Amino acid sequence: MDQKALIRSLPLLASMLGRKYGVTVKIGGDDAFTNGRCIQLPSLPVEGDENLVNLVRGFLDHETAHIRFTDFSCLDGTVIPIEKHVWNILEDWRVENCFAKLYPGSKHNFQWLIRHIFVSQDTTLPDTPEGLVLSWILLTVRNWDVSELAIQVQSHADALDVIFPQLRFQLEGLLKIMKTNCPDSKAALAYAKKAVACMSQQCAAVDTKKQDGMPDGIPFSFEEAKQRLQGACNGVFLDIDSFPVTVGEAAQSLLAVAAESSVSSNSVNVASIGTKDVQPIEKNVLQHVERVTAGMQTRFHSLMQTEMLTRARPAKKGRIDWGSLYKMAIGRQDMFYERSKSYGVDTAFHILLDSSGSMGSRINLATAVCFSVAKALAVNGINVGITAFPAIAHNGMPTVKPLIQHGECIHPNIRVCARGTTPMAEALWWVLQQISALSDQRKIVMIVSDGEPDELPGTLDAIRKGKEYGVEFYGLGICSPEIKDILPKQSNVISTIDELPSAMFTMLRETVGHQAR
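Now for a quick tour of the structure. (Residues numbered from 1 in each chain as written. Predicted model: local features only at pLDDT ≥ 70, side-chain atom pairs only at ≥ 80, totals over all residues. Heavy atoms only, no water.)

Examined against the element boundaries, G217 turns out to sit in the loop between helix 9 (185-205) and helix 10 (222-234). Placed 90 residues apart in sequence, G217 and D127 show a C-alpha to C-alpha distance of 8.1 Å. (Helix = DSSP H or I, 4+ residues; strand = E, 2+ residues; numbered from the N terminus.)

In structure tokens form, the structure reads like this:
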């Protein structure tokens, strides 16, 4: 696939990063969040500008870092909101640095995210005492990695020194120790509790008789500052909205805004894996299918070949082989190299089966077709996968059911029931995510369907984008010509299994066969 185009594609980029980090990434809905096992992104545009791509990268890296390194079990019922918030600030920094040691490139993503969220924001001081203290802690910690925050840190420090004269110095000492010695989530929580204890001590030491000297722009008095911060430290003041947003919270909000601003026809929801009853193809059908398959196997080999490059060999013209320049000293001219072209089988073929309710009894023919094509291809060394859609939905989101995964032996246990709607666009994006991870040079998707998808524009857009990434698409209609509305020049229609070989070769010969000549 075109790697540059893949990186610009938000659904494929998210899937690629999820595989790299070993986490599940889902796309769809209105919100961005993490449940500790998978990361959910909202419905987003097919392609994003540089800011949106970087935002997705930063958010995925941040949340994956929490999944990898945060022990949420340390947050028991005794942790009060302000302690949890300080812990979140410290834990964000800790896990990001742990993650950056494993994936050095993520450090750049974290720095971009911090600059995007904090450097360009309004520099007005918070209008509550607890907000001022927490914002200073947040900015100080983030300033460790992004020096541009120094001005904001100083402005907060100046105000903090007037209201709570000794607090900043105590917190700075604590943060300095934490920066060099914070091995896990429990340690971060211990530092957070100590920080809140420092705040409580300073509240007791504040001279509330002072009536002047409050910094410009601060809308509360010394007495109010003491009461509010002390209340927060005691766990009885719960104005959480006054707490500053952390990096993860800010990224979630920005992604939600991006989802809202996306034009619905250009936004992407990606199906997730659901459940669906699967049974073996009936024996009498299987015997008939085996005869049809045998007739296709030998003819598929030439159609599925793809152009390949052999290893480089010395030549008297072509590209310079810098390691062979010494040959000039002995009068030889073969200091160049060239690559010759050959043909071989290096192809991934994914069959996407429509098992919606409109299929009815035709689903038996459709599953027989999938098995026949898959077995004929696999014999020729093609990397085959089969996926049915829809499966049983989760939270109203579209789902798919993998029947045979790439690399798995072909088996007849793929008979499914026909039920549900036709979320073809969402299923296609799921398939694109799967085949983008395969190393096969050539990638083909064949849709087996009997009717129109739920969203035709979205389906056509998924196919168009897939073609831009280098994927080939074909369609096989089951007793219905609607597939030609989706793939007018790369589709055919059958009504019996005996028509399959002729339909397949008629469809593939002109569009696939010429590439092997």
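Given a rise of 1.5 Å per residue, 17 residues ought to cover 24 Å, and the 24 Å separating the end C-alpha atoms of helix 13 (residues 363-379) matches this to within 8%. Counted residue by residue, helix 13 has 13 buried out of 17 residues, so it is predominantly covered. Directly beyond the C-terminal end of helix 13, a positive phi value near 85° is found at G381. (Expected span 1.5 Å × (residues − 1). Buried < 20%, exposed > 50% of the residue type's maximum accessible area, 1.4 Å probe, protein only.)

Any two packed helices are characterised by how steeply their axes cross, that is the angle between the axes, and by the distance between the axes. Where helix 3 (residues 50-69) contacts helix 5 (residues 105-119), the two axes come as close as 9 Å, and the packing angle between them is 115°. Comparing their axes, helix 5 and helix 3 come out roughly perpendicular. Every pair of crossing elements has a handedness; the one defined by helix 3 and helix 5 is left-handed. Mapping the contact onto sequence places N51, N54, L55, R57, G58, F59, D61 and H62 in helix 3 and S106, N109, F110, W112, L113 and H116 in helix 5. Among the residues making up the contact of helix 3 with helix 5, the classes are represented as five nonpolar, seven polar and two charged. (Axes fitted to C-alpha atoms, helices over the stretch in contact; angles between N-to-C directions. Parallel < 35°, antiparallel > 145°, perpendicular 65-115°, else oblique. Left-handed = near helix turned anticlockwise from the far one by under 90°. Contact = heavy atoms within 4.5 Å. Nonpolar A, V, L, I, M, F, W, Y, C, P; charged D, E, K, R; others polar.)

Tallying each qualifying case throughout the model produces 15 salt bridges. In this structure, D145 and K107 form a salt bridge, with 3.6 Å as the shortest nitrogen-oxygen distance. Taken together, the residues span a long stretch of sequence, with D145 in the loop between helix 6 (129-143) and helix 7 (150-163) and K107 in helix 5 at a distance of 38 residues. Residue classification places K107 among the partly exposed residues on the basis of a relative accessible area of 33%. Here R442 and E472 are joined by a salt bridge, their closest N and O atoms 2.7 Å apart. Taken as a pair, R442 in strand 17 (residues 442-449) and E472 in strand 18 (residues 471-478) lie far apart in primary sequence, 30 residues in all. For the pair R442 and E472, one class covers both residues: buried. The structure contains a network of salt bridges with shared partners spanning E47, D461, R464, K465 and E468. (Salt bridge = Lys/Arg side-chain N within 4 Å of Asp/Glu carboxyl O.)

So, on to helix 3. When the terminal C-alpha atoms of helix 3 are compared, their 28 Å separation across 20 residues agrees well with the 28 Å that a helix rising 1.5 Å per residue should span. Among the 20 residues of helix 3, 15 are classified as buried, and the element is accordingly described as predominantly covered.

Our next topic: the pairing of strand 3 (residues 38-41). Going residue by residue along strand 3, you find C38 and Q40 tucked away on one face and I39 and L41 tucked away on the opposite face as well. For strand 1 (residues 24-27) and strand 3, the ladder comprises four bridges, and the chain directions are parallel. Looking at strand 3, one finds that V25 is bridged to I39. Pairing geometry for strand 2 (residues 33-34) and strand 3, over two bridges, is antiparallel. Paired with F33 across the bridge in strand 3 is Q40. (Pairing = 2+ DSSP bridges.)

Okay, the packing of aromatic side chains next. Throughout the structure, instances matching the rule amount to six aromatic pairs. With a centroid separation of 6.2 Å and 75° between ring planes, the pair formed by F72 and W87 is classed as edge-to-face. Placement of the pair is F72 in the loop between helix 3 and helix 4 (81-102) and W87 in helix 4, with a sequence separation of 15 residues. Given the relative accessible area of 2%, W87 is considered buried. Ring centres 6.4 Å apart and planes at 65° place the aromatic pair F99 and F110 in the edge-to-face group. (Phe/Tyr/Trp six-rings, centres within 6.5 Å; stacked < 30°, edge-to-face > 60°.)

Attention now moves to the state of the cysteines. Tallying each qualifying case throughout the model produces zero disulfides. Considering cysteine sulfurs only, C233 is the nearest to C203, which forms no disulfide, with 5.2 Å between them. Classification of C203 as buried rests on a relative accessible area of 0%. (Disulfide = S-S within 2.5 Å.)

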